[in-house]
Amino acid sequence: MNKPVRPISSQSLKLPTADGALETYRLAASRTFPAKLEGTLNRVAFSAAHVVADPRADVDPWLAAAIDWDRTIAFREHVWDLGLGVAEAMDTAQRGMGLDWPTSLELIQRSVKAAKARGNALVFSGAGTDHLAVEHARSIDNVIHAYEEQIAAVERAGGRIILMASRALAKLGKSADDYARVYDRVLSQVREPVIIHWLGDMFDPALSGYWGTADLDKAMDTAVAIINANAAKVDGVKVSLLDKQREIDMRRRLDPRVKMYTGDDFNYAELIAGDDKGFSHALLGIFDAIAPAASYALSRLAAGDEASFHDVLGPTVPLSRHIFKAPTRFYKTGIVFMAYLNGHQDHFTMVGGQESARSTLHLAELFRLADKAGLLANPELATRRMATILATRGIDA
């Protein structure tokens, strides 16, 4: 199958450069990708999906979340149409950075209901301990009870679970035994196998020292031991350490029943492709921004056309590395900006006011990289919207 392209765009605009100047940027040829999955997939692939804020709501963005529920669910339907699953109420949805547990639970309930209406589309939802303020967590039992409360709420909604890392456990857990106590207890109670999320401190500094140690080798030993001991209760593990070799090492140590879901937004293409000893499935925030390209690439991989898989997905990696550059926790801004450029929402407003978390130069480079990867679905619309954002930041494009 030939790679999909459209004629070279006639669009151009002035973009700021690192030396303080403006350059005339002319858009490249843009690819077109199917709006729905064509073919099949041989990897399980989730997009950790963002939420669309309601810019007309009378709230203080730093203090309260106002969600545009229609647009938020519509985006999930877009993801499902492409054959991808939705990882709901995760850090891409600004969980812990503007989205509190009550709003997260409503999001989960609405998403699960929408998935069931679409023939049980794939959705797993985050259950953690974020309703337990870290400063109020006094004991390991507090952490266990907090996990139990959220797991019960997700299961009452009919949802499958992603067991999120716990800031409270990171504070209180001092040893491998502490972590084993929590995970063994919690996993013994879940209704269906869960995905365990190991989120590195580059995504959330409050998770430093997770698994009871700052030594990542020892942390992996603990995580693998806990997961393999509970393999019947674990669908898979998502690793978000931005370290491809650690992910490869870990997946080779997992019980064969347990999937590895890459959370490596720097190296996902090669990790999904795999090697002669195995491969990773995917649970990625970047798949929110590149869902059509990801779907098409994965369908080519399933068809045995690995060259086309890399041809499509490879050029998206520089964009992803830019969006997820340090401070990595601000990647959500780039994800939502891509949704705005591609017409999935009519504004660049975020929960918590996080649209301010990246610089104008960062957004300009994001635009260049998205264009070079063929990810601007409508170059004319994207150019107008980029110019609008630049104008609000004092740049006449």
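Residues numbered from 1 in each chain as written. Predicted model: local features only at pLDDT ≥ 70, side-chain atom pairs only at ≥ 80, totals over all residues. Heavy atoms only, no water.

- As annotated in an unreviewed UniProt entry, the chain carries the name Dihydrodipicolinate synthase family protein and is attributed to Bradyrhizobium brasilense.

Section: the overall build of the chain
Here is step 1 of the chain: When helices and strands are tallied, the chain shows 15 helices and 10 strands.
Here is step 2 of the chain: Whereas a compact globule of 397 residues would reach a radius of gyration of roughly 21 Å, the chain reaches 21 Å, a difference of no more than 12%.
Here is step 3 of the chain: C-alpha extents for the chain along the principal axes are approximately 60 × 50 × 45 Å.
Here is step 4 of the chain: Expressed as a percentage of the 397 residues in the chain, the buried residues total 57%.
Here is step 5 of the chain: For the chain, the proportion of contacts with a sequence separation of at least 24, taken over those separated by at least 6, is 70%.
Here is step 6 of the chain: A total accessible area of about 15900 Å² is found for the chain, and carbon and sulfur atoms account for 49% of it.
Here is step 7 of the chain: Charge-centre separation for the chain: the mean point of 46 positive side chains lies 2 Å from the mean point of 49 negative side chains. (Helix = DSSP H or I, 4+ residues; strand = E, 2+ residues; numbered from the N terminus. Rg over C-alpha atoms; globule rule 2.2 N^0.38 Å. Buried < 20%, exposed > 50% of the residue type's maximum accessible area, 1.4 Å probe, protein only. Contact = heavy atoms within 4.5 Å. Areas by Shrake-Rupley, 256 points an atom, 1.4 Å probe, with all protein chains shown as cover. Lys, Arg positive; Asp, Glu negative; His and termini not counted. Charge placed at Lys NZ, Arg CZ, Asp CG, Glu CD.)

Structural notes on the nonpolar core
Here is step 1 of the chain: Tyr-183, Tyr-210, Met-250 and Phe-287 are the most contacted members of the largest nonpolar core, which has 127 residues in total.
Here is step 2 of the chain: Here this core gets eight residues from one element, more than from any other, and that element is helix α3 (residues 140-156).
Here is step 3 of the chain: Not counting the four nearest positions on each side in its chain, Tyr-183 is found in contact with Tyr-147, Leu-163, Met-164, Ala-165, Leu-169, Ile-196, Tyr-210, Trp-211 and Ile-226.
Here is step 4 of the chain: Residues Phe-46, Ala-48, Met-164 and Ile-195 belong to the second largest nonpolar core, which totals 10 residues. (Core = buried A, V, L, I, M, F, W, Y, C linked by side-chain atoms within 4.5 Å.)

Some details on the sheet that holds strand β5 (residues 123-127)
Here is step 1 of the chain: Around the barrel, eight strands lie side by side as β3-β4-β5-β6-β7-β8-β9-β10; this closed barrel has parallel pairing. Mean inter-strand twist for the sheet, computed between neighbouring axes without regard to direction, equals 25°.
Here is step 2 of the chain: Here strand β4 (residues 85-88) pairs with β5 via three bridges, running parallel. Counted as the bridge partner of Val-86 is Val-123 from β5.
Here is step 3 of the chain: Here helix α2 (residues 101-117) sits on the sheet and contacts β4 and β5; the angle it forms with β5, its principal contact strand, is near 165°.
Here is step 4 of the chain: α3 contacts β5 and β6 (160-163) of the sheet and is inclined by roughly 155° relative to β5. (Pairing = 2+ DSSP bridges. Axes fitted to C-alpha atoms, helices over the stretch in contact; angles between N-to-C directions.)

Section: the pattern of salt bridges
Here is step 1 of the chain: What the rule picks out here adds up to 22 salt bridges.
Here is step 2 of the chain: Asp-346 serves as the salt-bridge partner of Arg-71, at 3.0 Å between the closest nitrogen and oxygen. Within this pair, whereas Arg-71 is found in helix α1 (residues 69-81), its partner Asp-346 is found in the loop between α13 (331-341) and α14 (360-372), the two being separated by 275 residues in sequence.
Here is step 3 of the chain: In this structure Arg-71 comes out as partly exposed when scored by relative accessible area, which is 29%.
Here is step 4 of the chain: The partner of Asp-243 in a salt bridge is Arg-246, and the shortest N-O contact between them spans 3.2 Å.
Here is step 5 of the chain: For Asp-243, a relative accessible area of 29% gives the class partly exposed.
Here is step 6 of the chain: Through salt bridges with shared partners, a single ionic network connects Glu-23, Glu-365 and Arg-368. (Salt bridge = Lys/Arg side-chain N within 4 Å of Asp/Glu carboxyl O.)

Overview of the pairing of strand β10 (residues 281-284)
Here is step 1 of the chain: Burial of the side chains of β10 extends over both faces: His-281 and Leu-283 are buried on one face and Ala-282 and Leu-284 on the other.
Here is step 2 of the chain: Here strand β3 (residues 45-48) pairs with β10 via three bridges, running parallel. Each bridged residue has a counterpart across the sheet, and for Ala-45 the counterpart in β10 is Ala-282.
Here is step 3 of the chain: Handedness of the crossover joining strand β9 (residues 259-262) and β10 through helix α8 (residues 268-273): right-handed. (Right-handed = clockwise from strand over helix to strand, strands pointing away.)

Brief notes about the environment of Val-237
Here is step 1 of the chain: With respect to the secondary-structure elements, Val-237 resides in strand β8 (residues 234-240).
Here is step 2 of the chain: Linking Val-237 and Ser-356, residues 119 residues apart in sequence, is a C-alpha distance of 32 Å.
Here is step 3 of the chain: The contacts of Val-237, once residues within four sequence positions are left out, are Ile-195, Ile-196, Ile-227, Met-250, Leu-254, Val-258, Lys-259, Met-260 and Tyr-261.

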